[in-house]
Amino acid sequence: MSAIQRERTVAFTGHRSEKLPTEQGAIRALKLRTYAAIDKAIQEGYGTFIMGACYGFDLLAAEQVLLRKQVADHIGHPKIRLIAAVPHEHQAIHWKTADRELYYDTLAQCDEVVTLNTHYRQGCFHERNRWMIDRASRLICCYDGSGGGTGYTVDYARKSGLTIINLCETEESEKKRE
């Protein structure tokens, strides 16, 4: 495994497909916000991106990193790396065919794949989430405020002092906080 500079690394977390928007326009808008957040991170000196390798937002974010990477390669921008943090080897075995194919296609394009466990074991997803956060200084997420693994990861990132960019927050919710 290559060395990861925490201060130049972004992690991704977000909901699975079932909790993401289903309308094409809303998905396209989420992809654009994700791409813009990645682009901003790159402009601010970030070069390594870690995704949790799950269907839904993780693979959506990875797709946007890979698109941005193509642009960077074309214009000779500094190297952008995508790392997949896989909780266990058989993670995708029961997924829908389309999700599984996207997963394996994305893993093949990653600069590095870190598999934390050979087989599923209780707590391996939280282990993967902590592994990502412990190696990053920024978290880009799509978190709607509900519990689950995404909530756990956002909470852990907050406690760890990461900068958190939540792409599920609307402009209206951001205004309410001001």
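Residues numbered from 1 in each chain as written. Predicted model: local features only at pLDDT ≥ 70, side-chain atom pairs only at ≥ 80, totals over all residues. Heavy atoms only, no water.

**Student:** Explain the nonpolar core to me, please; I cannot follow it from the model alone.
**Tutor:** Soluble globular proteins: nonpolar side chains tend toward being buried together. One finds Phe12, Phe49, Met51, Phe57, Leu82, Tyr103 and Ile140 to be the most contacted residues of the largest nonpolar core, which totals 35 residues. Put simply, the parts of the chain that give this core at least two residues each are strand 1 (9–14), helix 1 (24–43), strand 2 (48–51), helix 2 (57–75), strand 3 (81–86), helix 3 (97–109) and strand 5 (138–142). At 8 residues, the largest contribution of residues to this core is made by helix 2. Sequence-distant contacts of Leu82, that is, excluding residues within four places in its chain, are made with Phe49, Met51, Ala62, Val65, Leu66, Cys110, Asp111 and Glu112. Membership of the second largest hydrophobic core comes to 15 residues, among which are Ala85, Trp131, Met132 and Ala157. (Core = buried A, V, L, I, M, F, W, Y, C linked by side-chain atoms within 4.5 Å. Buried < 20%, exposed > 50% of the residue type's maximum accessible area, 1.4 Å probe, protein only. Helix = DSSP H or I, 4+ residues; strand = E, 2+ residues; numbered from the N terminus. Contact = heavy atoms within 4.5 Å.)

**Student:** Sorry, what's going on with the pattern of salt bridges here?
**Tutor:** Counted under the stated rule, the structure contains 9 salt bridges. Linked through salt bridges whose partners overlap, the residues forming this network are Lys40, Glu44 and Arg138. (Salt bridge = Lys/Arg side-chain N within 4 Å of Asp/Glu carboxyl O.)

**Student:** Teacher, can you tell me more about the pairing of strand 2 here?
**Tutor:** A regular strand places its side chains so that they alternate between the two faces of the sheet. Neither face of strand 2 is open: one carries Thr48 and Ile50, the other Phe49 and Met51, and all of them are buried. Examined bridge by bridge, strand 1 and strand 2 share 3 bridges and lie parallel to one another. Among the inter-strand pairings, Val10 is bridged to a residue of strand 2, identified as Phe49. Regarding topology, helix 1 serves as the crossover connection from strand 1 to the parallel strand 2, and that connection is right-handed. Bridge count for strand 2 against strand 3 is 4 bridges, and the pairing is parallel. Note that in strand 3 the partner of Phe49 across the bridge is Leu82. (Pairing = 2+ DSSP bridges. Right-handed = clockwise from strand over helix to strand, strands pointing away.)

**Student:** Would you mind going over the sheet that holds strand 1 with me for this structure?
**Tutor:** Spatial strand order, 4-3-2-1-5-6: 6 strands in an open sheet with parallel pairing. Looking at which strands have only one partner, the edges of the open sheet turn out to be strand 4 (112–115) and strand 6 (163–166). Strand-to-strand twist across the sheet, computed as the mean angle between neighbouring axes with direction ignored, equals 20°. As judged from the 5 bridges shared by strand 1 and strand 5, these two strands associate in the parallel manner. When the sheet's bridge partners are listed, Val10 is paired in strand 5 with Arg138. On the sheet, helix 1 packs against strand 1, strand 2 and strand 5 and is oriented at approximately 175° with respect to strand 5. On top of the sheet, helix 4 (residues 124–133) reaches strand 1, strand 2, strand 3, strand 4 and strand 5; it is set at about 155° to strand 3, its chief contact. (Axes fitted to C-alpha atoms, helices over the stretch in contact; angles between N-to-C directions.)

**Student:** Please clarify how helix 4 should be interpreted in this entry.
**Tutor:** Because an α-helix completes one turn every 3.6 residues, residues spaced three or four positions apart along the sequence face the same direction. Of all the positions in helix 4, only Cys124, Arg128, Asn129, Trp131, Met132 and Ile133 are classed as buried. Next to the buried residues of helix 4 lie strand 1, strand 2, strand 3, strand 4, strand 5 and helix 5 (148–159).

**Student:** Teacher, can you tell me more about the pairing of strand 1 here?
**Tutor:** Summarising burial for strand 1: 6 of the 6 residues are buried, a large majority. Here strand 1 shows a buried face lined by Thr9, Ala11 and Thr13 and a second buried face lined by Val10, Phe12 and Gly14.

**Student:** Is there a simple way to explain the state of the cysteines in this structure?
**Tutor:** Put plainly, a disulfide is one covalent bond tying together the sulfur atoms of two cysteines. For the coordinates displayed, the defined rule picks out 1 disulfide. Paired through a disulfide, Cys142 and Cys168 show a sulfur-sulfur distance of 2.1 Å. One quick way to see it: the torsion about the S-S bond of Cys142 and Cys168 is about 50°, and its sign makes the bridge right-handed. Here Cys168 lies in the loop between strand 6 and helix 6 (171–177) and Cys142 lies in strand 5, a separation of 26 residues in the sequence. For Cys110, which is in no disulfide, the shortest distance to another cysteine sulfur is to Cys54 and amounts to 14 Å. According to the relative accessible area criterion, Cys110 is buried, its value standing at 12%. (Disulfide = S-S within 2.5 Å.)

**Student:** Would you mind going over unusual backbone geometry with me for this structure?
**Tutor:** In most cases, non-glycine residues show a negative phi, while peptide bonds are predominantly trans. Phi at Ala53 is positive, roughly 60°, even though this residue is not glycine. In this structure, Ala53 sits in the loop between strand 2 and helix 2. What makes Ala53 buried here is its relative accessible area of 0%.

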